[in-house]
Amino acid sequence: MKADKPTSSDPSAMELGTLDGSPLNKDVDAAIAQNPDKFPKAVWFILPNEFGERFTYYAVSAFINRYLQFIGASAESAKLSTHSWKMITYFCPLFGAALSDSYFGKYKTIVGLSFIYLLGNIVLVVTSIPSFRTLGSVSAGLYLIAVGTGGIKPCVGPHGGDQFLPTQGDLLRRFFALFYIAINLGSLLTGFVTPALKDATSCWGDAIKSKEPGVPDTTFCYTAGFALPTAVFLVSFAVFVYGDRYYRVAPPQGEFVPYKMLLVTWDAVRAYIGGERTMTSGPDAAGFFSLGAGRFGLQFAQDTGEFLSVLAVIFPIAFVWMVYDQQSTEWQQQYDRMNQVFFGANISPETWIAVVNPVLVVSLLYVLATIVYPFLETRIGVRVTPLRRMVLGSALVMAGFLVSGWLQGSVMADFDGETDAKGFQVPHSCKNCVHGAWQMPQWILLSLGEAMFSPTGNEFAYTQVSESMKAISSSFWLLLVAIGNLSVVLVEDAVSSSSWATFPSGDSRPAKFYLYTGIGAVAVLWLAVGASRFKYKPGTESA
């Protein structure tokens, strides 16, 4: 569970949604103005949509690594495909923002890309039938989902913010609190329900089959596992579309901010090479980017420089995501080599990863916000600044992955369970293996780190830039996740065939865990150096 906090929680960023301040919809505005202390009706059609979308995404995310192995991919190939999928998913917010800002507006972008998202889920359901089940057909469904979920990500929260009048700032803040609750409820509920449904049903003869005579097959049904989130998304999408009569729909602004930033940067570089300079001290001091002010004005040029300075500070977080996102691949594979029986019941790898992290993160977010941070600030006198939280949280993620590397050595040395033809552990066959509960220390460290760096980083990317850069800054925060997953793909491509990195079975050796931890540790140091030099905007440094 990560990086899904709404793009904005600042009422000033989403007041009317038009450049000239005119009403978005006079009839809807009048109805809202008659009940300014109540939520606009549109809210109750937007929140279910976000719940359903997150329910669907986290269900697919929990399945993808194991499912690709089940239909024929090797463990290494499944890992590469999983991280490639996540990379595209978190690159597509820029695509969605471009469509929304330049051409269609937020509402039409959400509707259009949601159709693609729904189509991708339907493809997954259909291609889970053996007659249609190939790596190519399944990948087509997955990448349709990536385009859909990634593309709507920067639009749904801001579209919700557009529903409020400028005088409803308090209600807007409450809406974003509910929005974040909808995200967490979706991820939590799907973790408990969807993998359990897949394990409790059977279809097409799909099973983990023991080679020992007399041992019953462990049946399951990926079709059911994919069908439930598809149905949930279909209903939530229908609810969203049905509510369109109540929406205040902001028109597109007709410009794509990243392109304008690129032009400003190019103009500034050309001017500097041509010998132009700016005053660097005194009351008239101007930054380097003021050299590129010719096309769009001095303010936008300076805003560009401010955004790029923030991006330079948070860029190392990409390598924190590189480590973090391997919970759905490396840690799932590690758990499959452990004793999975808890109180007599076998907990499958999909269920384990879908439940443990969301439960821990939601619990730890509450403890940090209500107990730990206030105690440190008021009782100890330690300023818990956003960057300090991000540095410590990132370090905890690295510590969790380091612990998992140490555990991997024991897990593989003690593994005596039976595996089926696809390399999956036969349930209840691993009685003398390291117990899955020994993963809890690494999960606690990683989840605590996530609770500290992920929502804080999203907030930091939003609050430390000017008004014109807030949406694009939040989109670039998501882009760091894509860069992190691209890094996994590049590292795996370089080392996966090396004997020091991979066991003959395809499982990773501890050395590979330590390699990722080392890269991540360098990134944490990089982040700490940048944090020590950063100057916050006034009023944004406290916890």
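First things first, this report covers the structure right here in the doc.

Cut-offs used in this document
- Residues numbered from 1 in each chain as written.
- Predicted model: local features only at pLDDT ≥ 70, side-chain atom pairs only at ≥ 80, totals over all residues.
- Heavy atoms only, no water.
- Helix = DSSP H or I, 4+ residues; strand = E, 2+ residues; numbered from the N terminus.
- Rg over C-alpha atoms; globule rule 2.2 N^0.38 Å.
- Contact = heavy atoms within 4.5 Å.
- Areas by Shrake-Rupley, 256 points an atom, 1.4 Å probe, with all protein chains shown as cover.
- Lys, Arg positive; Asp, Glu negative; His and termini not counted.
- Charge placed at Lys NZ, Arg CZ, Asp CG, Glu CD.
- Axes fitted to C-alpha atoms, helices over the stretch in contact; angles between N-to-C directions.
- Parallel < 35°, antiparallel > 145°, perpendicular 65-115°, else oblique.
- Left-handed = near helix turned anticlockwise from the far one by under 90°.
- Nonpolar A, V, L, I, M, F, W, Y, C, P; charged D, E, K, R; others polar.
- Patch = residues over 30% accessible without salt bridge, like charges linked within 9 Å, V, L, I, M, F, W, Y side chains within 5 Å.
- Salt bridge = Lys/Arg side-chain N within 4 Å of Asp/Glu carboxyl O.
- Bend = angle between axes of the 7 residues up to and from the residue.
- Buried < 20%, exposed > 50% of the residue type's maximum accessible area, 1.4 Å probe, protein only.
- Disulfide = S-S within 2.5 Å.

Turning to the overall build of the protein chain, a few remarks are in order. Scanning the protein chain from terminus to terminus reveals 15 helices and four strands. A compact globule built from 543 residues should have a C-alpha radius of gyration of about 24 Å, and the protein chain, at 24 Å, falls within 12% of that. Taken along the three principal axes of its C-alpha coordinates, the protein chain extends 80 × 50 × 50 Å. Across the protein chain, the fraction of contacts at a sequence separation of at least 24, relative to all contacts at a separation of at least 6, is 81%. Accessible surface for the protein chain amounts to roughly 22100 Å². Of this, 65% is attributable to carbon and sulfur atoms. Positive and negative side-chain charges in the protein chain, numbering 37 and 40 respectively, have mean positions lying 2 Å apart.

Look at helix H9 (residues 317-324) against helix H14 (residues 470-495): their axes get within 7 Å of each other, and the N-to-C directions meet at 55°. Judged by the angle between their axes, H9 and H14 are oblique. Considering the relative orientation of H9 and H14, their crossing is right-handed. Together, Ile317, Ala318, Phe319, Trp321 and Met322 of H9 and Trp477, Leu480, Val481, Ile483, Gly484, Ser487 and Val488 of H14 make up the contact between the two elements. Grouping the constituent residues of the contact of H9 with H14 by class yields ten nonpolar, two polar and no charged.

Relative to the helices and strands, Pro158 is located in helix H4 (residues 135-161). Sequence separation of Pro158 and Ala471 is 313 residues, and the distance between their C-alpha atoms is 8.6 Å.

Let us look at a nonpolar patch on the surface. On the surface, a cluster of nonpolar side chains totalling about 310 Å² of accessible area is made up of Leu189, Phe192, Val193 and Val359. Here the nonpolar patch takes three residues from helix H5 (residues 169-200), the largest share from any one element. Note that Val359 resides in helix H11 (residues 349-380).

This part takes up H11. Where H11 bends most, the angle comes to about 45°, and this point is Leu368. Following H11 by one or two positions, Gly381 has its phi on the positive side, about 85°.

Going through the model one piece at a time under the given rule, you end up with 18 salt bridges. Arg54 serves as the salt-bridge partner of Glu53, at 2.6 Å between the closest nitrogen and oxygen. Considered together, Glu53 and Arg54 belong to a single accessibility category, that of buried residues. Asp336 serves as the salt-bridge partner of Arg337, at 2.9 Å between the closest nitrogen and oxygen. A relative accessible area of 1% means that Asp336 is categorised as buried.

A separate point is the state of the cysteines. This structure, assessed with the given rule, holds two disulfides. One disulfide in the model links Cys203 with Cys221; its S-S distance is 2.1 Å. The chirality of the disulfide connecting Cys203 with Cys221 is right-handed, given an S-S dihedral of about 100°. With Cys203 in the loop between H5 and strand S1 (207-208) and Cys221 in the loop between strand S2 (218-219) and helix H6 (222-242), this residue pair connects regions lying 18 residues apart in the sequence. Here Cys203 and Cys221 have matching classes, each one buried.

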